[in-house]
Every structure is written in structure tokens, then in C-alpha cells.
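Here are the chains, one letter per residue:
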Amino acid sequence: MTEYPEVEILLAEDNPRDAEMTQRALRKTNFVNKVHWVKDGEEALDFLLRQGAYADRPASTPRLVLLDIKMPKVDGIEVLRRIKSNDHLKSIPVVVMTSSNEEKDVIDSYKLGVNSYIVKPVEFSAFAETVARAGLYWILTNRAPTS
């Protein structure tokens, strides 16, 4: 099995079942290092901006953000808006992974600069394959800036 370089991924997902399935799919592709799971949009912003409970977090940025839209406290659209308007964060690829197939959510996400919008498949094997492909593409295939 191929071992991939260590990467940091932020998973912003309020549904524990979907978060576990996402982490399991990433582990199957050997993305086992540094997958940080946050349960709402406020916690995602705290993590990214190194504030609140994450104020002492090392000064690193994730290589990828997997973002649900329908989250408590701060929704994913607002998290995306804040990421893409911040000079230090805007180059991080953001992949929306959501159950929402609403055209407004898709349009709003792309207007704000989302890199990809994926509607979560309901069936586990399709879900796992979708997550694995997204992770492999954004971590291994896509060329992102190093700073």
C-alpha cells in the first residue's frame, strides 16, 4: 500500500457518522496523519485563525479543508466567506461536502471561491470512494502554493 506524505486536513462536519466515514475513507488512502475534526463553523474558524481553544496551535495551515454547509453556530457558507477573504487562508483548497443539493448553496459557494462542491452520497461505499478521490486529488494531484 502506498504511503503518502504527512498532510494536515481540516474536517468541519457536525454529523459524527459522516465525520467518522470521512476519516475512515481518508485512512484507507493512508491519509492518517493530522486530520482535525471540528464539529461546527465557529470551531472551524477558531482552528484556522488560531484563536479560542486553538490559540496555542502551531502556526501551520491545513493543506485542505473539507467543509459541510449545514453546521451549527456558524454555517459553512460563512466559514467559506471568512476563509476566502483572509489573505493567509484564501489559498487553502476548500471542498464543500454536504447533503445539500440546493442550487443556491452551489451558486453561493462558487461565488465565494469554493474549489469543489460535492453532494455526499448516501451509500457508504460511494461516500468512501468520493472522499478518497477528493483527498487524493487535492493532496497529491493538485499543485498548491507552498506558502
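Preceding this paragraph is the structure being described.
Because the structure is predicted, anything quoted here is derived from the model rather than measured. (Residues numbered from 1 in each chain as written. Predicted model: local features only at pLDDT ≥ 70, side-chain atom pairs only at ≥ 80, totals over all residues. Heavy atoms only, no water.)

## What about the sheet that holds strand β5 (residues 116-119)?
Reasoning step 1: Across the sheet, which stays open at both edges, the 5 strands sit in the order β2-β1-β3-β4-β5 with parallel pairing between neighbours. Looking at which strands have only one partner, the edges of the open sheet turn out to be β2 (35-38) and β5. The sheet shows a mean angle of 20° between the axes of neighbouring strands, direction not considered.
Reasoning step 2: With 3 bridges joining them, strand β3 (residues 64-67) and strand β4 (residues 94-98) adopt parallel strand pairing. Bridged to Leu 66 within β4 is Val 95.
Reasoning step 3: The strands touched by helix α3 (residues 76-84) within the sheet are β3 and β4, with β3 carrying the most contacts at an inclination of about 160°.
Reasoning step 4: Against the sheet, helix α4 (residues 103-111) makes contact with β4 and β5, and its axis sits at roughly 155° relative to β5, the strand it touches most. (Pairing = 2+ DSSP bridges. Helix = DSSP H or I, 4+ residues; strand = E, 2+ residues; numbered from the N terminus. Axes fitted to C-alpha atoms, helices over the stretch in contact; angles between N-to-C directions. Contact = heavy atoms within 4.5 Å.)

## Regarding unusual backbone geometry
Reasoning step 1: Located in the positive-phi region is Arg 50, a residue other than glycine, with phi close to 55°.
Reasoning step 2: Within the secondary structure, Arg 50 sits in the loop between α2 (41-49) and β3.
Reasoning step 3: Backbone geometry places Lys 73, a non-glycine residue, at a positive phi of 70°.
Reasoning step 4: Mapped onto the fold, Lys 73 is located in the loop between β3 and α3.

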